[in-house]
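Now for the letters of each chain:
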Amino acid sequence: MVGSNKDKAYVITGPTSGIGYATALELSKHGIVILVGRNAEKLNKVKKVIEDMGKNAIPVICDVSDMNSVKKAGQQIIALRLPIAGLLNNAGIMPAKATKSAQGWDKTFATNYLGAFTLTEVLAPHLPDGANVVFIASAIEDPERKPAKIMGMKGGRYLSVAASADGNWKPGGAKMPGIDAYATSKLCVLAAAMALARENPRLHYHAVEPGITRGTKLGGEELNPIVHKVFGYLMSVIPPFSRYSSTPEKSAKTITKILTETSGKTGVYFDEKGTPMLGSVLSQDVNFQDSVVAETRALLKTI
Ligand SMILES: NC(=O)c1ccc[n+]([C@@H]2O[C@H](COP(=O)([O-])OP(=O)(O)OC[C@H]3O[C@@H](n4cnc5c(N)ncnc54)[C@H](OP(=O)(O)O)[C@@H]3O)[C@@H](O)[C@H]2O)c1
C-alpha cells in the first residue's frame, strides 16, 4: 500500500514548462518529485527551485518520444526504490510540422501517447497498491466539443495505432496543420487510460483535460511569442473559450489533487476543475479502448 505522506514519491514527465512545471512545484509539497525530461539543464533548474522551497526532487533524463529512452528512464526510476504514489504522464507537443521519432514514428503520436503508454507499462508492476496513474488528455479529441469545433478541429482521426505511428489520419480532418496528429494522440491517451483502469484494479488510472491553459509553450514553436501570448489572453476572455480557460497554476492544483487522491476511485476523466466529464463517443466505447491498448502493445513489441 502507499505509505505515509513523507515517504511518497511522484513521477512527472515534462516538468520543465507550463502545466508540468507548475504541477512539479505543487507536487513537491506531497513528497519527492522525480522529474522526467529531455533537457538536463532545464531539469536541474526545476530541481533547484524545488530545493529552494525546502523540498526534494530527482531528475531523470528521458526523451519520451524515444521508446528506448523511456524504457531506460523507467529502469532508473525503479532502481531508486522509492514508494511511488503517483505517475503523471504530462509531456506533450502540438507541432504544426510532422517529424519522425527515433523509431521513425510520427513524433506527436510517439511523444504524447506511445511514450506515456510505455513508461506506464514499465513502471506499473513496481507501483504500490493504490498508486495513481494520471494521463494528461485533451478535449480536442472530441469532434463535438464546442470550442474545438468553432476552431475547425475535427476530433481524433484514428485509423489504427500502426497508422497513427506512420502519421496517417482519417481523411476529412482539420485544416490547421498538426491538429489531427495531436487530437488522435489524445484520443488514444484517453482510451488507454480507461482501458487500463478496467484491466488493472490494483492501481488507479485517470485522465485529465487541463483546460485551455494560457502561458504554456504548447503549439507556440512556430508562433511569435507575443502573438502566442495575445492569443492565449483572448482565449481566456472570449466565450465559449473563456468557460474552459485555465492557468498552469490552477491546472496544477487540480492535477495534484487527483494524483494525491486516496479515495480508491479509478477510470475517471476529469475536467480542469476536477469535475468528472465525458470524452468523445468513440473514447467511451470499451471495445475501442481495449483494441487501442492491444494494438499499442503489438506495435511496441516490434522494437
Ligand atoms: N496548454 C493547453 O491549453 C493544454 C490543453 C490541453 C492539454 N494540454 C496538455 O498538457 C500537457 C502539458 O502541456 P503544456 O501546455 O504545459 O505545454 P509546454 O509548456 O510546451 O510543456 C510541455 C512539456 O513537455 C516536455 N516535452 C515535450 N517533448 C518531450 C520529449 N520528447 N521528451 C520529454 N519531454 C518532452 C517539454 O519539455 P522541454 O521543456 O524540454 O521542451 C515540457 O516540459 C501536454 O500533454 C498537453 O498536450 C495542454
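Refer to the preceding data block for the structure.
Because the structure is predicted, anything quoted here is derived from the model rather than measured. (Residues numbered from 1 in each chain as written. Predicted model: local features only at pLDDT ≥ 70, side-chain atom pairs only at ≥ 80, totals over all residues. Heavy atoms only, no water.)

Draft legend 1. Representation of the pairing of strand E4 (residues 84-89) in the model. E4 sits mainly inside the fold: six of its six residues count as buried. Relative to E4, strand E1 (residues 9-13) is paired through four bridges, and the arrangement is parallel. Its bridge partner lying in E4, Val 11 is registered against Leu 87. Here four bridges tie E4 to strand E5 (residues 132-136), and the two strands are oriented parallel to one another. By the bridge assignment, Leu 87 is partnered in E5 with Val 133. The parallel pair E4 and E5 is bridged by helix H4 (residues 107-123), and the resulting crossover is right-handed. (Buried < 20%, exposed > 50% of the residue type's maximum accessible area, 1.4 Å probe, protein only. Helix = DSSP H or I, 4+ residues; strand = E, 2+ residues; numbered from the N terminus. Pairing = 2+ DSSP bridges. Right-handed = clockwise from strand over helix to strand, strands pointing away.)

Draft legend 2. The arrangement of the sheet that holds E5 in detail. Pairing is parallel in the open sheet, where seven strands are placed in the order E3-E2-E1-E4-E5-E6-E9. Of all the strands in the sheet, the pair left with one neighbour each is strand E3 (57-61) and strand E9 (268-270). Averaged over all pairs of adjacent strands, the angle between their axes in this sheet comes to 20°, without regard to strand direction. As paired elements, strand E6 (residues 204-208) and E9 share three bridges and run parallel to each other. The residue of E9 that forms the bridge with Ala 207 is Tyr 269. In the packing of helix H2 (residues 40-52) onto the sheet, the strands contacted are strand E2 (32-37) and E3, and the crossing angle to E3 comes to about 170°. (Axes fitted to C-alpha atoms, helices over the stretch in contact; angles between N-to-C directions. Contact = heavy atoms within 4.5 Å.)

Draft legend 3. Focus on the packing of aromatic side chains. Applying the stated criterion to the full structure yields three aromatic pairs. Here the aromatic rings of Phe 109 and Tyr 113 are separated by 5.4 Å at their centres, their planes lie at 55°, and the arrangement is tilted. A residue pair is termed a helical-turn pair when its members lie 3 or 4 positions apart in one helix, as Phe 109 and Tyr 113 do in helix H4 at four residues. We classify Phe 109 as buried; its relative accessible area is 0%. You can call Tyr 113 buried: its relative accessible area is 1%. Ring centres of Tyr 158 and Phe 288 lie 5.0 Å apart, and the angle between their planes is 90°; on these two criteria the pair is classed as edge-to-face. With Tyr 158 in the loop between helix H5 (146-150) and helix H6 (161-165) and Phe 288 in helix H11 (residues 286-300), the pair connects residues that are 130 residues apart, well separated along the chain. Looking at Tyr 158, the relative accessible area reads 13%, which means it is buried. Here Phe 288 falls in the buried class, since its relative accessible area comes to 7%. Grouped by ring-pair contacts, the aromatic residues Phe 109, Tyr 113 and Phe 117 constitute a single cluster. (Phe/Tyr/Trp six-rings, centres within 6.5 Å; stacked < 30°, edge-to-face > 60°.)

Shape descriptors only; they carry no functional weight alone.
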